[in-house]
Amino acid sequence: MNPKIRLITFNASVILKAIASLSLLLHCLSFPAMGQTAPSTKSGEIYAGIELTSEGARAIALSVSINEEETGLKLVYSETIPLALGRAGNGQFAPQAIQNAVQTVLKLMTRLRQQFQTPPERVFLIGSSGLGADHPEGLVNAIRKTTGKTLVFLDVETEVQLSIVGTISRLGKVGDTQIDNRNSSALIEINIDSVKGGYQLLKYSPSAPPSYDFVTMSISYGAMGLASAESLWQALRREREGKPGLVNRKRVYLTGSVPWAMATLLYPEDQQPFVPLTTEVIEWFDRKVARAPQEVLNPNLSFIRDRDLRQKAESELRAVKNAFTPQQLAAGVAAVRAVASEFEWQGKQIWFARFGHLGLLLSYVRLQAEK
Amino acid sequence: MSGGAQIVSFEKQALSSAQETPASNLDAGLPVRPFASWFGQIVGPKAGVVWQLTECGEQIAAPGQIGQDLPACAEVNAILPDGRKVFVAISIGTFKKGLAEKPAFFHAVIEKNEQFYQVLRLSDLPERLRAPDRPPATKAKNRIVNLPVIKADLSRIAAPFQYLLPLSSIVPTTTGDSIHVETPPPPPSLRQSVENVSESVLQDRVITMVKPVYPPSAKTINATGTVVVQVTISQGGLVVEAEAINGHFALRNAAVEAARKWVFKPVIFNGAPVRVKSVLTFVFAPGAR
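These figures come from a predicted structure and were not determined experimentally. (Residues numbered from 1 in each chain as written. Chains lettered and ligands numbered in written order. Predicted model: local features only at pLDDT ≥ 70, side-chain atom pairs only at ≥ 80, totals over all residues. Heavy atoms only, no water.)

Caption draft 1: The arrangement of the environment of Arg 307 of chain A in detail. Mapped onto the elements, Arg 307 of chain A comes out in helix α11 (residues 307-323). Sequence separation between Arg 307 of chain A and Lys 107 of chain A is 200 residues, and the spatial gap between their C-alpha atoms is 32 Å. (Helix = DSSP H or I, 4+ residues; strand = E, 2+ residues; numbered from the N terminus.)

Caption draft 2: View of helix α13 (residues 359-369) of chain A. Counting buried residues along α13 of chain A, 11 of its 11 residues qualify, which places the element largely inside the surrounding structure. Taken residue by residue, α13 of chain A has Gly 359, Leu 360, Leu 361, Leu 362, Ser 363, Tyr 364, Val 365, Arg 366, Leu 367, Gln 368 and Ala 369 of chain A as its buried positions. (Buried < 20%, exposed > 50% of the residue type's maximum accessible area, 1.4 Å probe, protein only.)

Caption draft 3: Just the sheet that holds strand β9 (residues 194-205) of chain A, in detail. Residues and elements named next belong to chain A. Spatial ordering of the open sheet is given by β10-β9-β8-β11-β13-β12, a layout of six strands whose pairing is mixed. Sheet topology places β10 (208-220) and β12 (274-277) at the edges, where each strand pairs with a single neighbour. Taken pair by pair, the neighbouring strands of this sheet meet at an average axis angle of 25 degrees, ignoring direction. Against the sheet, helix α8 (residues 257-266) makes contact with β8 (185-191), β11 (251-255), β12 and β13 (349-353), and its axis sits at roughly 90 degrees relative to β8, the strand it touches most. (Pairing = 2+ DSSP bridges. Axes fitted to C-alpha atoms, helices over the stretch in contact; angles between N-to-C directions. Contact = heavy atoms within 4.5 Å.)

Caption draft 4: Molecular detail of helix α8 (residues 249-260) of chain B. With 12 residues, α8 of chain B should reach 16 Å at 1.5 Å per residue; the first-to-last C-alpha distance of 17 Å fits that figure. Residues of α8 of chain B that are buried include every one of Leu 251, Arg 252, Ala 254, Ala 255, Val 256, Ala 258 and Ala 259 of chain B, and no others. (Expected span 1.5 Å × (residues − 1).)

Caption draft 5: Focus on the nonpolar core. Grouped together as the largest cluster of nonpolar side chains are 53 residues, with contacts concentrated most on Ile 188, Phe 285, Leu 329 and Trp 345 of chain A. Here Trp 345 of chain A is in contact with Ile 188, Val 252, Leu 254, Thr 279, Ile 282, Val 336, Val 339, Ala 340 and Ile 350 of chain A, once residues within four sequence places are set aside. If you look at the next biggest cluster of nonpolar residues, it comprises 33 residues, including Leu 26, Phe 39, Val 76 and Ala 78 of chain B. (Core = buried A, V, L, I, M, F, W, Y, C linked by side-chain atoms within 4.5 Å.)

Caption draft 6: Summary view of the confidence of the model for chain B. All names here are of chain B. With 71% of its residues at a pLDDT of 70 or more, chain B has an overall mean of 75. Counting contacts from residues 1-7, a segment whose pLDDT is below 50, to residues more than four positions away or on other chains yields 10 contacts. Considering only residues more than four positions removed or in separate chains, one finds that residues 137-157, a stretch of pLDDT under 50, has 91 contacts. (pLDDT = per-residue confidence, 0-100.)

Caption draft 7: Looking closely at the packing of aromatic side chains. All told, the structure shown has 13 aromatic pairs over all chains when counted by the stated rule. Considering the side-chain rings of Tyr 212 of chain A and Phe 116 of chain B, the 5.2 Å spacing of their centres and the 65 degrees angle between planes classify their relative orientation as edge-to-face. Taken together, the residues span two chains, with Tyr 212 of chain A in strand β10 and Phe 116 of chain B in strand β7 (residues 115-119). One aromatic cluster in this structure is built from Phe 35, Trp 38, Phe 39 and Trp 51 of chain B. A cation over a ring is seen here: Arg 122 of chain A above Tyr 47 of chain A, with NZ or CZ 5.2 Å from the ring centre. Its guanidinium or amino end placed over the ring of Phe 249 of chain B, Arg 252 of chain B lies 4.0 Å from that ring's centre, counting from NZ or CZ. (Phe/Tyr/Trp six-rings, centres within 6.5 Å; stacked < 30°, edge-to-face > 60°. Lys NZ or Arg CZ within 6 Å of the ring centre and 35° of its normal.)

Caption draft 8: Region of interest: the environment of Tyr 267 of chain A. Position of Tyr 267 of chain A relative to the elements: it lies in the loop between α8 and β12. Under the relative-accessibility criterion, Tyr 267 of chain A is labelled buried at 2%. Taking the C-alpha atoms as reference, Tyr 267 of chain A lies 9.1 Å from Ala 313 of chain A; in sequence the two are 46 residues apart. Aside from chain neighbours lying at most four places away, what touches Tyr 267 of chain A is Val 275, Pro 276, Leu 277 and Val 281 of chain A together with Arg 205, Lys 265 and Pro 266 of chain B.

Caption draft 9: Here's a closer look at the side chain of Asp 180 of chain A. Summarising the element assignment, Asp 180 of chain A is placed in strand β7 (residues 177-180). Of the residues examined, Asp 180 of chain A reaches a relative accessible area of 0% and is grouped as buried. In terms of polar contacts, Asp 180 of chain A uses its side chain to reach the side chain of Lys 85 of chain B, at 3.4 Å. (Polar contact = N/O pair within 3.5 Å; in protein donor to acceptor, adjacent residues only side chain to side chain.)

Caption draft 10: Inspection of the pairing of strand β12 (residues 225-233) of chain B at higher detail. Two elements, β12 of chain B and strand β13 (residues 239-246) of chain B, share six bridges in a ladder whose sense is antiparallel. Looking at β13 of chain B, one finds that Thr 232 of chain B is bridged to Glu 241 of chain B.

Caption draft 11: Local environment of the pattern of salt bridges. Residue and element names in this part refer to chain A. Scanning the model with the defined rule gives 18 salt bridges over all chains in all. Note that Arg 111 is salt-bridged to Glu 79, the shortest N-O span being 2.8 Å. Taken together, the residues Arg 111 in helix α2 (residues 95-116) and Glu 79 in strand β3 (residues 71-82) connect sequence positions 32 residues apart. Accessibility assignment for this pair places Arg 111 and Glu 79 in one class, buried. (Salt bridge = Lys/Arg side-chain N within 4 Å of Asp/Glu carboxyl O.)

Caption draft 12: Seen up close, unusual backbone geometry. All names here are of chain A. Its identity as a non-glycine residue notwithstanding, Gln 117 has a phi of 50 degrees, on the positive side. In this fold, Gln 117 is placed in the loop between α2 and β4 (123-127). Phi at Glu 344 takes a positive value of approximately 55 degrees, unusual for a residue other than glycine. By the element assignment, Glu 344 lies in the loop between α12 (326-342) and β13. A relative accessible area of 12% means that Glu 344 is categorised as buried.

Caption draft 13: Examining the confidence of the model for chain A more closely. Confidence in the prediction for chain A averages 82 pLDDT; 84% of positions are at 70 or higher. A low-confidence stretch, residues 1-41 of chain A stays under pLDDT 50, and its non-local contacts, those more than four residues away or across chains, total 101 contacts.

Caption draft 14: Highlighting the packing of helix α5 (residues 156-167) of chain A against α13 of chain A. Residues and elements named next belong to chain A. Contact geometry for α5 and α13: axes closest at 7 Å, N-to-C directions at 90 degrees. Here α5 lies roughly perpendicular to α13, going by the angle between them. Contacts between α5 and α13 involve Glu 159, Leu 162, Ser 163, Val 165, Gly 166 and Thr 167 from the first element and Gly 359, Leu 360, Leu 362, Ser 363, Tyr 364 and Leu 367 from the second. A per-class count over the contact of α5 with α13 returns six nonpolar, five polar and one charged. (Parallel < 35°, antiparallel > 145°, perpendicular 65-115°, else oblique. Nonpolar A, V, L, I, M, F, W, Y, C, P; charged D, E, K, R; others polar.)

What follows is the structure in structure tokens.
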């Protein structure tokens, strides 16, 4: 690794495991972040995060109030901007792609400063694990030169852990009774080219104090097609062998672009933060997408009487159609069905978590703000 | 999927084994009554209790089998009304080898204010719960990475993957009052009540529609007409009860049989799928024979 660019990859199996886990995480997160040192937190201050992936840049702003008892957070803004960060044969990004990425980051930082009065030192910039592969020095250097920020790369494990914490609430309710939600749920993120996920559990060890631990999985299968379907099933089977919680957890939170597309197409009228799904619906949708993808991608929204709601649904549908070709949608939904079958979702409570895509950034920014 | 079926079966066996084991088998100082019953009494009726099968301990070599094995525990966790969390793990075998001869107490932990209090003997648990402020048995302190409830300003939150929309369409433009929802909220619990919905609502949510088979016996008596079947549909969209409430008796069974095979998109109330009751009307016209 070139020390000049100080690419940092977190090993999250070390982070978040025991007593020192969080402080270690905070230490690691702050280590490479020149210009990202967080000042002491006052009531209602804005902290922001920008996540750069190979598909786009995502930004959030959080209003953070910290007192001795608790931390109050309010998500006040989020935005995603498309980017096509294609790599050249040597694994590095093309100059134009780098330029676009830098300009996008700059644009988001400007917006955060102008609209939310967020100073640069409270904007935390992270790069996805996919983007960090092959150590893109050119991109890191260009961003540092233009914005003064160092792009910090996460590893897949850390991404999943932060997503679990940022998406699944600690407590849930069954009737009027509170239950331990996070320790009895699993998170699965399904995108066009990958399946990731995991769960939190209390770790018992005779030689160490009890602590919360995370079990994570990640399957990356590139541009998915029918040819790779069998290997996906095999990979899922391997994952479940050593990670029983993927099968045994009775509550499943879905994130990623494919569940988003599914929920949008199935229930365009439903804008709730959590949209319930069932295996029957997943199987039916899989069959329907395979049989009539154009029909699925063009649902009739006239049944939505509320004008604002219908416009919002139309906007989401346009976004789905822009993000997926019919073939990609069919392959993505087939992947959801494969996961549902292999991880035995029949009879479980399954939700699409609408804000799950922000979970990682939420957790990251919150951890930085609490330092 | 045979492996999956085995795991489900193992899970059920493991949980019931731990639940039904006499508490006295897990700790000689406890009464001879099923562990689940004893634990329920200890944590009280207002505690939210979850049982699950979980891994407990490091991977171990599985003799005679490919790959590694994992110790398995039946874990029960409970949230008490005062916010404390109680975990008890009962060792029940391994995931590959299956159930051990006898379940055994593995571990118990109380979590309060992000601190873990180890309970070394199960018989100590009642006293430890009665003395919530007692210092921890271990000095372990674990800050849990917990996000508090986050309030989202929906007017400023972009849709999850609007990557390809022009920037102007997703930049927030309003700063006025906005709807606030708490996210992530507790998951919507499955409602146990049954909601009545109209047949037209149900028809909009049909996934699988099965036409009734015109019974030969009905043909002999030239039976035609409408049969109304009252159906109850599960949260998952399956017909779980079907009863013909009017129509020609020669046609009723056929209508009920068909109705049982219908599948619906779940009906959602307040963000949660609910059990619903409605009717399906089948028309047996002369031409349908």
